[in-house]
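A structural walkthrough
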Amino acid sequence: MASLQDQFLKAGLVDKNKAKLVHQDKVKQKKVERRTGSESVDEARLAALEVQRKNAERARELNAQRDAAAAQKAIMAQIAQMVQINRQSKGNGDIAYYYTHGTKIDKIYVSAEVQKHLIAGRLMIVCVDGKTELLPRVIAEKIEERDATLVVRVKKTSSEVDEDDPYAAYQIPDDFTW
């Protein structure tokens, strides 16, 4: 195969005089390097290596982002599958059960038996894709490991009484409805 210089000459991109001058410059530069003992810096080569390094770094970042998005999608698919398989019935829906999800107070209608399970902590509320589902605590804890924002935690009321509370003697039942 012919050298790059020969290919340029054949294509007509460079004439013989220009090729001869470039060759002479290279020979002079090598002679100077041998005399002084130092290497000349090829700025074009260094710039090309820097561009190549930056491109490789950018490709690594894009691959990491793509992998993170795929992992998040896989986690959401696992969560959706767990909810689909293990969701529990809400019952007849004659009692309103209020809960807080994030900063919003919301309610679902459940039967008395389901309400007891929710208060006892055997069932938990999971909000996925705008839908509210009831799941056993074990499954809800597995979902919470993957994404804690989806699971609604029922906060147990503390039995500690503040001394200054004038209503300390009055107990509020868990099934209190407004």
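One structure accompanies this document, and this report is about it. (Residues numbered from 1 in each chain as written. Predicted model: local features only at pLDDT ≥ 70, side-chain atom pairs only at ≥ 80, totals over all residues. Heavy atoms only, no water.)

So, on to the environment of Ile-139. Here Ile-139 is to be found in helix α5 (residues 137-146). Taking the C-alpha atoms as reference points, Ile-139 and Val-126, 13 residues apart in sequence, are found 10.0 Å from one another. Among all residues touching Ile-139, those that are not within four sequence positions of it are Met-82 and Asn-86. (Helix = DSSP H or I, 4+ residues; strand = E, 2+ residues; numbered from the N terminus. Contact = heavy atoms within 4.5 Å.)

What follows concerns the nonpolar core. Among the nonpolar cores identified, the biggest contains 12 residues, and these are Ile-79, Met-82, Val-83, Met-124, Val-126, Val-128, Leu-135, Ile-139, Ala-140, Ile-143, Leu-150 and Val-151. Where this core is concerned, the elements lending two or more residues are α3 (43-86), β3 (123-128) and α5. Once residues lying within four places of it in the same chain are set aside, the contact partners of Ile-79 are Val-128, Ile-143, Arg-146, Asp-147 and Leu-150. The next biggest cluster of nonpolar side chains, apart from the first, holds 11 residues, and it includes Tyr-99, Val-110, Leu-134 and Val-152. (Core = buried A, V, L, I, M, F, W, Y, C linked by side-chain atoms within 4.5 Å. Buried < 20%, exposed > 50% of the residue type's maximum accessible area, 1.4 Å probe, protein only.)

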